[in-house]
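Observations on chain architecture
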Amino acid sequence: MTLPLKIGIAGLGTVGAGVVKLLAEHGALLSLRGGRPLKLVAVSARSRTKKRDIDLGKVRWEKNALALATASDIDVVVELIGGSGGIARQLVQTALRSGKHVVTANKALLAMHGAEIAALAERRGRILAFEAAVAGGIPVIKALREGLVGNRVRRLYGILNGTCNYILTTMRETGRDFGIVLAEAQAAGYAEADPRFDVDGIDAAHKLAVLTGAAFGAKVNFPGIHVEGIRRVTSMDIQFAEELGYRIKLLGLARETKYGIEQRVHPCMVPADAPIAHIEGVFNAVVIDGDFVGTTMFQGRGAGQGPTASAVVADLVDVARGRHMPAFVVPAARLADRPASPMDRHAGAYYMRLMVQDRPGVIAAVSGILAKERISLESMLQRGRSQAGQVPVVLTTHETEEARMQRAVTRIAKLKAVAEAPCIIRIESL
Ligand SMILES: NC(=O)c1ccc[n+]([C@@H]2O[C@H](COP(=O)([O-])OP(=O)(O)OC[C@H]3O[C@@H](n4cnc5c(N)ncnc54)[C@H](OP(=O)(O)O)[C@@H]3O)[C@@H](O)[C@H]2O)c1
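A short tour of the structure in this document, coming up. Source: prediction; values computed, not measured.

**Describing the sheet that holds strand β5 (residues 101-104)**
Across the sheet, six strands lie side by side as β3-β2-β1-β4-β5-β6; this open sheet has parallel pairing. A single partner strand is all that each edge strand has here, and the edge strands are β3 (60-61) and β6 (128-129). Relative to β6, β5 runs parallel, the two sharing two bridges. Along β6, the bridge assignment pairs Val 103 with Ala 129.

Laid out in structure tokens, this is it:
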């Protein structure tokens, strides 16, 4: 008789409860696919009395989640508490040290301590798996570890935060501004009460850090990411983007440059006919450019109970089968310590929107500053008179260096006729 894989789950929130449901509903199928039963033995969460809509009748309750890490009847600990430190980190480390395999959805933890935890797993000969941590239900870590493993990744990019994508999509569809759409998204449950992690780009950066590590065989480097959120994107910019043939998306992008690995998260203008421009609402997508395979795109739901549980259970089936792969595709001891390519060195085209006093000479002054930095213009749009005497002027540039653009923006912002800080959005040629 085959021994079951004995599972302990810490955290019974959105993801944890989903995993309990999936294990119960697909028990027979998972036994076949995993080669043995996947048996939930024990769980832990903060409150034992909370109503959760899951059946925990035959499952042991551990008051302290750390007890799962040392329990003799558990083979794999599933960490679904969250947070980059504290109990989640302690649980993962203790579990690996006690010889348990670990499955987690915790991108914050991996972004901060991924290399160290992968090294610990390897030293202990245990599996560390985290499919659910990046792009929820989309099996992109598996794609890098398995289907695309023969390729050198040239670059990758993706829509990694469903909340931001929902807000940007709704702003485009309704013409409403960021603050209003965010408030509606919060009321509808698409955005957290404290939206900072999402709208300021941090959640997307956590995922990008993990993805980059797996794609480029490098140590996860979260501090090396240039991060900007979507708060400064206005419905006016979205409208101008449409006129220019673009859509605005919050992307996470990574590629190797001669200076190191460039990782950035910020709003981007993407060509309206690029496939990623059509990933709308809460959906996520990841595009991976491999040297032999070419461009591949994965899309699906990046969050939510079902999709995330689907990814966690995929990892559990791997553990049941004893599929032992390095967490970041190459052995942890061989992960490269690559420097972050400085953002100043980034080269690309730019969109700049200025709000200017409608008086002669402004355009000449702006053009003069750009010329001094050897930034050449691709196009310029100017709108008619507004009642307040301010008009938007939109410029797009040919490829230039970020440092030049930033110097020019600083000088342009100081012009008397420029009413507010210029809005800059990078244009990506995908
Ligand atoms: N939600 C998603 O769609 C999604 C997608 C991808 C990845 N993730 C990641 O998955 C993880 C879990 O997210 P979630 O959305 O399921 O979070 P959540 O709904 O807030 O659930 C967190 C769970 O952790 C429990 N918990 C908190 N402190 C604890 C402690 N000291 N000991 C034991 N349990 C404790 C909570 O207990 P109580 O229920 O008793 O309060 C709750 O059950 C996070 O790392 C998150 O980033 C989530």
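**Looking at the site of the ligand**
Around the ligand, 22 residues are found, and the nearest of them are Leu 12, Val 15, Ser 47, Arg 52 and Gly 304. A distance of 2.7 Å separates an oxygen atom of the ligand from a polar backbone atom of Ser 47. One of the side-chain nitrogen or oxygen atoms of Lys 50 is found 3.0 Å away from an oxygen atom of the ligand. For the ligand, the accessible surface in isolation is 900 Å², of which the surrounding protein chains cover 77%. Residues of the shell around the ligand, tallied by class, amount to 10 nonpolar, eight polar and four charged.

**Comments concerning the packing of aromatic side chains**
If you walk through the whole model with that rule in mind, you get two aromatic pairs. Ring centres of Tyr 166 and Tyr 190 lie 4.5 Å apart, and the angle between their planes is 45 degrees; this geometry places the pair in the tilted category. A residue pair is termed long-range when its members are at least 10 positions apart, and Tyr 166 in helix α7 (residues 162-174) and Tyr 190 in the loop between α8 (178-187) and α9 (196-199) qualify at 24 residues. Here Tyr 166 falls in the buried class, since its relative accessible area comes to 18%. For the cation-ring pair, Arg 145 lies above Phe 130, with the distance from its terminal atom to the ring centre recorded as 5.8 Å.

**Considering the packing of α7 against helix α11 (residues 235-244)**
Each pair of packed helices gets described by two things: the angle between the helix axes and the distance between those axes. Where α7 meets α11, the closest approach of the two axes is 9 Å, and the angle between their N-to-C directions is 75 degrees. In terms of their interaxial angle, α7 and α11 are classed as roughly perpendicular. Judged by residue contacts, Leu 168, Met 171 and Arg 172 of α7 engage Ser 235, Ile 238 and Glu 242 from α11. In terms of residue class, the contact of α7 with α11 is built from three nonpolar, one polar and two charged.

**Examining the pairing of strand β17 (residues 423-427)**
Of all five residues in β17, five are buried; the element is thus mostly enclosed. Residue alternation in β17 divides its side chains into two sets, Cys 423, Ile 425 and Ile 427 and Ile 424 and Arg 426, and both sets are buried. One ladder, built from five bridges, connects strand β13 (residues 347-357) with β17; its direction is antiparallel. Its bridge partner lying in β17, Met 352 is registered against Ile 424.

**Re helix α6 (residues 140-147)**
The buried fraction of α6 is high, at six of eight residues. Where α6 is concerned, the buried positions are Val 140, Ile 141, Lys 142, Ala 143, Leu 144 and Arg 145.

**A short note on the state of the cysteines**
Here the structure, examined in full by the defined rule, presents zero disulfides. Of all cysteine sulfurs, the one in Cys 268 lies closest to Cys 423, which takes part in no disulfide; the gap is 13 Å. Judged by its relative accessible area of 4%, Cys 423 falls in the buried class.

**A look at empty space enclosed by the protein**
By rolling a water-sized probe across the atoms, one finds the places where empty space is left. Inspection of every chain in the model, using the stated rule, returns three cavities of 30 Å³ or more. Estimates place the volume of the largest cavity at around 70 Å³. Put simply, the parts of the chain that give the lining of the largest cavity at least two residues each are α7, α11 and β9 (246-257). Residues that form the lining of the largest cavity fall into these classes: five nonpolar, one polar and five charged.

Parameters at a glance
- Residues numbered from 1 in each chain as written.
- Predicted model: local features only at pLDDT ≥ 70, side-chain atom pairs only at ≥ 80, totals over all residues.
- Heavy atoms only, no water.
- Pairing = 2+ DSSP bridges.
- Helix = DSSP H or I, 4+ residues; strand = E, 2+ residues; numbered from the N terminus.
- Near = heavy atom within 4 Å.
- Polar contact = N/O pair within 3.5 Å; in protein donor to acceptor, adjacent residues only side chain to side chain.
- Areas by Shrake-Rupley, 256 points an atom, 1.4 Å probe, with all protein chains shown as cover.
- Nonpolar A, V, L, I, M, F, W, Y, C, P; charged D, E, K, R; others polar.
- Phe/Tyr/Trp six-rings, centres within 6.5 Å; stacked < 30°, edge-to-face > 60°.
- Buried < 20%, exposed > 50% of the residue type's maximum accessible area, 1.4 Å probe, protein only.
- Lys NZ or Arg CZ within 6 Å of the ring centre and 35° of its normal.
- Axes fitted to C-alpha atoms, helices over the stretch in contact; angles between N-to-C directions.
- Parallel < 35°, antiparallel > 145°, perpendicular 65-115°, else oblique.
- Contact = heavy atoms within 4.5 Å.
- Disulfide = S-S within 2.5 Å.
- 1 Å grid on protein atoms, 1.4 Å probe; cavity = no way out; pocket = protein on both sides within 12 Å on 5 of 7 lines; lining within 4 Å.
- Points joined across faces, edges and corners; volume = space filled by probe spheres on them.

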